[in-house]
Amino acid sequence: MANRLSGKVAIVTGGNRGIGLAIAETLATAGAQVAVGDLLDPKVGPSSDAEKVFRLRLDVTQESSIRAFVDEVIDRFGRIDILVNNAGMVMHKSIDDQTAEDWDRLMAVNLRGPFLMTKYVAPEMKRGNAGSIINIGSVEGHMVNPWHTAYAATKAGVHGLTLGLAVDLGPDGIRCNTVCPGWIDTDLNRAYVEMHPDRGLIERELGELHPVGRIGAPKEIANAVLWLASDESSFVSGERISVDGARTKKIPLPAILDEEYRAKLTRPHTASVDS
Ligand code: NDP
């Protein structure tokens with residue numbers, strides 16, 4: 001399985017940390033040459049030093065930055081087979097506090113970014129009459145946490161974008177799918193856990209929301225992306241795959257009626273997979 005992407009060139013946006021970093025390293029381990037495009041914020045510290053992961057600055061909100069990034073990847077590697085639109089941000093604000101600028105910023109990163117990345121990468125995939133595009137959506141594209149109106153709108157938009165791309169680019173041999181992560185242990189939402197004075201309690205309660213008894217690790221999203229990037233999923237296109245430990249499948253019950261079930265959920269907070 002180590003060489004299932006050998007000879008392929010993959011782009012991962014927002015691959016400097018979190019889920020994107022795990023995706024970049026997983027695709028590289030499977031044999032792909034990976035180009036990570038990220039803001040490369042120096043405050044975030046070093047990211048992958050894995051062989052075959054090449055980092056370039058990219059701001060997915062800027063069309064000129066996208067164009068320059070894609071040109072450089074083609075110049076260096078001569079082809080693009082896989083595009084993972086992962087870069088994203090979240091904003092936790094009520095509709096009263098949210099400004100039009102907040103809305104536009106979220107849309108620019110989470111939805112316009114994947115559209116523009118695809119616009120510039122697809123011609124290269126069409127030349128090879130093959131390609132796999134994987135958009136990172138969210139379970140918040142079909143369910144939502146309080147104060148996430150704009151975020152949910154961007155992620156529902158990503159799901160729609162995937163459908164359109166799967167239909168429009170299918171005749172060119174290009175597949176497009178969405179992976180919808182549930183609660184994954186990254187900087188993006190670690191802040192919520194750390195905000196709470198009783199961290200042990202919040203970790204336990206978070207785990208109890210998941211029938212598998214714990215939250216997810218970035219590597220578990222990366223494994224789903226690897227499958228969609230590889231030929232093992234060659235007849236899968238236009239799909240939305242949740243990777244969320246069945247959190248969105250369980251109908252909430254009043255805590256008192258759910259006690260016996262929750263008592264069985266005694267797993268460690270995070271996964272034991274390598275991440
Ligand atoms: P992180 O905040 O840990 O990482 C986000 C990455 O995106 C960072 O590397 C960041 O760069 C990069 N980025 C942000 N804005 C831009 C931009 N304008 N151009 C290029 N890169 C940018 O997030 P996660 O790893 O948790 O999230 C990754 C994806 O998964 C997102 O799309 C998110 O919405 C989605 N998701 C995450 C969930 C979770 O539980 N963690 C749940 C559901 C979906 P820098 O490091 O320079 O800031």
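Before any of the text, the structure's been laid out above.
Computed from a predicted model, the values in this text were never measured in an experiment.

Draft legend 1. Looking closely at the site of the ligand. In the neighbourhood of the ligand, 31 residues make up the surrounding shell, with R17, D38, Y151, T186 and N189 lying closest. A distance of 2.7 Å is found between an oxygen atom of the ligand and a side-chain nitrogen or oxygen belonging to R17. N86 places a main-chain nitrogen or oxygen 2.8 Å from an oxygen atom of the ligand. Of all elements in the fold, only helix 1 (18-29), helix 4 (149-169) and helix 5 (187-195) reach the threshold of two or more residues within the shell around the ligand. Broken down by element, the shell around the ligand gets its largest block of residues, three residues, from helix 5. Within the shell around the ligand, the residues separate by chemical class into 14 nonpolar, eleven polar and six charged.

Draft legend 2. How the structure looks around the environment of V90. Relative to the helices and strands, V90 is located in the loop between strand 4 (82-85) and helix 3 (100-128). With 96 residues separating them in the primary sequence, V90 and T186 have C-alpha atoms 12 Å apart. Those residues in contact with V90 that lie beyond four places of it in its chain are L106, H148, Y151 and L188.

Parameters and conventions
- Residues numbered from 1 in each chain as written.
- Predicted model: local features only at pLDDT ≥ 70, side-chain atom pairs only at ≥ 80, totals over all residues.
- Heavy atoms only, no water.
- Near = heavy atom within 4 Å.
- Polar contact = N/O pair within 3.5 Å; in protein donor to acceptor, adjacent residues only side chain to side chain.
- Helix = DSSP H or I, 4+ residues; strand = E, 2+ residues; numbered from the N terminus.
- Nonpolar A, V, L, I, M, F, W, Y, C, P; charged D, E, K, R; others polar.
- Contact = heavy atoms within 4.5 Å.

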